[in-house]
Amino acid sequence: MTRVSATLIVRDESEFIADCLRSLAGNVDEIVLVDTGSRDDTIEIASRFPIKLHHFAWCNDFSAARNFARERASGDWILYIDADERLEIPDRDEFSRLLSDRGKIAWQLRRHHRVGWTALSKLRLFRNDPRIRFQGVIHESIEPSVEAAVRADGAEVGICGLRLHHIGYETDQRPKNSRYIPLLRDRLSREPNNLYCWWHLGECLRLSGDDNAAVEAWSIGIARLRELESRKLAKSILYLSLIKLQHDRGAAIDDLVAQALSLFPNHLGLQCLAARHAVVRGELEAARPVLEKLTAIDADTFFDPELAYDKALFRHLSAEPLALCYFRSGRYDDAARLYRVAARTSPDPAACELKAQLAQLRM
């Protein structure tokens, strides 16, 4: 019988650990929990669940802790998960089928990395193969070793419908800065082209209140991005964060948006941002097709394996400027309808409803 081990490393996760373990219990055959130095009641809470508890002396290396946990798993497959994530198995028959697929060495799961966002693919389930190990002191990854095993065996990595729901970003991230910033600088000193680490360093610096240092980190990441041939959509986060910060500081962002779109023309968030600015400039004919495309997308079923989007992008963030396009074009019935669509999710629904009523009066 095929067995699945879930492995997780924890430290002071009392806020999250119970719901995580509750999502695993009964769905996996073994839960390997490695504590790296908790000072709260994480272990007391975790001990109420069927876990195999181990302790690991923290050495400023996430991969070392992950590999320690992996080595203590006895299942045929390993699911690695964090305390602030929850496992969802929509189809148990599918789960059984993917575990018995001999042609697959690993599986991509659908991960909702923020509440209210669409999912993206993350490699989180893999065979218990000693060749598959984590790499990197922070933002540890198994992808390089999985890819090597795929090449050696002629195997494949599949995409499945299992889901992980991440809720950690809904809490204050600033307490983690003192731990993360030195590790990020260490990894970047050895891997200067690790673009996600440049983004995360900038984000930590922004959270610490040093906006200028954040701009510098993101700008360095963007400069390195522009030198690389491979430009995956996920790397656009460098531009998005820099654009948002500069906008909040009152700086001009049109050139940044144009530059980002030239590198990532299929990025729906950047398309929306450019269209919204076009509406402000009165360029309605340029903006309308983009906004119509976005509002036609069902946020609850949309899936891009490369990138997650805030569902608001397909709702009020595109519906409200599209309504304004229709209003200025004399299409008052369409404007009223779209303003009411925007009101369902807008942070200011009363304003959208008022605009809908004005459109009706004009009609």
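Source: prediction; values computed, not measured.

> Hey, could you go over empty space enclosed by the protein for me, with residue numbers and the actual values?
Evaluated as defined, the whole model comprises one cavity of 30 Å³ or more. What the largest cavity holds in volume is close to 30 Å³. Looking at the lining of the largest cavity residue by residue, the class counts come to seven nonpolar, no polar and no charged.

> Lay out the state of the cysteines with the relevant residues and their values.
Two cysteines whose sulfur atoms are joined by a covalent bond form what is called a disulfide. Per the counting criterion, the structure on display carries zero disulfides. Not engaged in a disulfide, the cysteine C20 finds its nearest cysteine sulfur in C160; these two sulfurs lie 17 Å apart. In this structure C325 is a free cysteine whose sulfur lies 11 Å from that of C272, the closest cysteine sulfur available. Judged by its relative accessible area of 1%, C325 is buried.

> Provide a residue-level description of the sheet that holds strand β7 (residues 120-127), including the pertinent values.
Spatial ordering of the open sheet is given by β3-β2-β1-β4-β7-β6-β8-β5, a layout of eight strands whose pairing is mixed. Each having just a single partner strand, β3 (52-55) and β5 (85-88) make up the two edges of the open sheet. The mean angle between the axes of side-by-side strands here comes to 35 degrees, regardless of whether they run parallel or antiparallel. Against the sheet, helix α4 (residues 92-99) makes contact with β1 (4-10), β4 (77-80), β6 (104-112), β7 and β8 (156-166), and its axis sits at roughly 140 degrees relative to β8, the strand it touches most.

> Before we move on, can you summarise the packing of aromatic side chains with the specific residues and values?
Counted under the stated rule, the structure contains 10 aromatic pairs. Look at F126 and F134: their rings are 6.2 Å apart centre to centre, the planes differ by 75 degrees, and that puts the pair in the edge-to-face class. You can call F126 buried: its relative accessible area is 0%. With relative accessibility at 5%, the residue F134 sits in the buried group. Three or more aromatic residues joined by ring pairs form one cluster here, namely W58, F62 and Y180. Looking at R110, its charged tip hangs above the ring of F303, at a distance of 3.7 Å from the centre. For R124, the ring lying beneath its charged end belongs to Y80, and the centroid distance is 4.4 Å.

> Help me get a handle on the packing of helix α11 (residues 268-280) against helix α13 (residues 316-328), residues and values and all.
A pair of packed helices is characterised by two quantities: the angle between their axes and the separation of those axes. Two elements in contact, α11 and α13, have axes separated by 10 Å at closest approach and are oriented at 30 degrees. Here α11 lies roughly parallel to α13, going by the angle between them. Both α11 and α13 take part in a crossing whose hand is left-handed. Every residue of α13 that contacts α11 at C272, R276 and V279 is listed here: H316, L317, S318, P321, L324, C325 and R328.

> An account of helix α6 (residues 177-190) is needed here, citing residue identities and associated values.
With 14 residues, α6 extends 20 Å between its outermost C-alpha atoms, agreeing within 8% with the 20 Å of an ideal straight helix rising 1.5 Å per residue. If you check which residues of α6 are buried, you get N177, Y180, I181, L183, L184, R187 and L188. Buried residues along α6 sit in contact with α3 (62-71) and α7 (195-207).

> Any chance you could break down helix α5 (residues 143-153) for me, citing the residues and the numbers?
By the burial criterion, the buried members of α5 are S145, V146, A149 and V150. The arc that holds the buried residues of α5, viewed along the axis, is 145 degrees, so those residues lie on one side. Of the residues in α5, the exposed ones pointing more than 90 degrees away from the buried face are R151 and A152. Buried residues along α5 sit in contact with β6, β7 and β8.

> So, the packing of α11 against helix α12 (residues 284-295): which residues are in play, and what are the values?
The contact between α11 and α12 brings their axes to 8 Å, and the two run at 140 degrees. Taken as a pair, α11 and α12 cross one another with a handedness that is left-handed. Between α11 and α12, the residues in contact are L268, Q271, C272, A275, A278 and V279 and L284, A287, V290, L291, K293 and L294, respectively. Across the contact of α11 with α12, the residue classes tally to 10 nonpolar, one polar and one charged.

> Describe in detail the environment of F49, supporting the description with residues and values.
Relative to the helices and strands, F49 resides in the loop between α2 (42-46) and β3. As a C-alpha pair, F49 and I31 span 18 residues in sequence and 9.0 Å in three-dimensional space.

> I'd like a description of the pattern of salt bridges, backed by residues and values.
Taken as a whole and assessed by the stated rule, the structure comprises 31 salt bridges. Salt bridges sharing partners connect three or more residues here, namely D19, R22 and R86.

> An account of the environment of R3 is requested, with residue identities and associated values reported.
Tracing the chain through its elements places R3 in the segment before β1. Linking R3 and I78, residues 75 residues apart in sequence, is a C-alpha distance of 8.8 Å. Sequence-distant contacts of R3, that is, excluding residues within four places in its chain, are made with D29, E30, S74, G75, D76 and W77.

> So what about unusual backbone geometry? Which residues, and what values?
The backbone phi angle of D12 is positive, close to 55 degrees, even though this residue is not glycine. D12 gets classed as partly exposed once you look at its relative accessible area, which sits at 29%. Notably, N60 is not glycine yet its phi reads approximately 60 degrees, a positive angle. The topology assignment puts N60 in the loop between β3 and α3.

Definitions and cut-offs
- Residues numbered from 1 in each chain as written.
- Predicted model: local features only at pLDDT ≥ 70, side-chain atom pairs only at ≥ 80, totals over all residues.
- Heavy atoms only, no water.
- 1 Å grid on protein atoms, 1.4 Å probe; cavity = no way out; pocket = protein on both sides within 12 Å on 5 of 7 lines; lining within 4 Å.
- Points joined across faces, edges and corners; volume = space filled by probe spheres on them.
- Nonpolar A, V, L, I, M, F, W, Y, C, P; charged D, E, K, R; others polar.
- Disulfide = S-S within 2.5 Å.
- Buried < 20%, exposed > 50% of the residue type's maximum accessible area, 1.4 Å probe, protein only.
- Pairing = 2+ DSSP bridges.
- Helix = DSSP H or I, 4+ residues; strand = E, 2+ residues; numbered from the N terminus.
- Axes fitted to C-alpha atoms, helices over the stretch in contact; angles between N-to-C directions.
- Contact = heavy atoms within 4.5 Å.
- Phe/Tyr/Trp six-rings, centres within 6.5 Å; stacked < 30°, edge-to-face > 60°.
- Lys NZ or Arg CZ within 6 Å of the ring centre and 35° of its normal.
- Parallel < 35°, antiparallel > 145°, perpendicular 65-115°, else oblique.
- Left-handed = near helix turned anticlockwise from the far one by under 90°.
- Expected span 1.5 Å × (residues − 1).
- Arc of directions from axis to C-beta.
- Salt bridge = Lys/Arg side-chain N within 4 Å of Asp/Glu carboxyl O.

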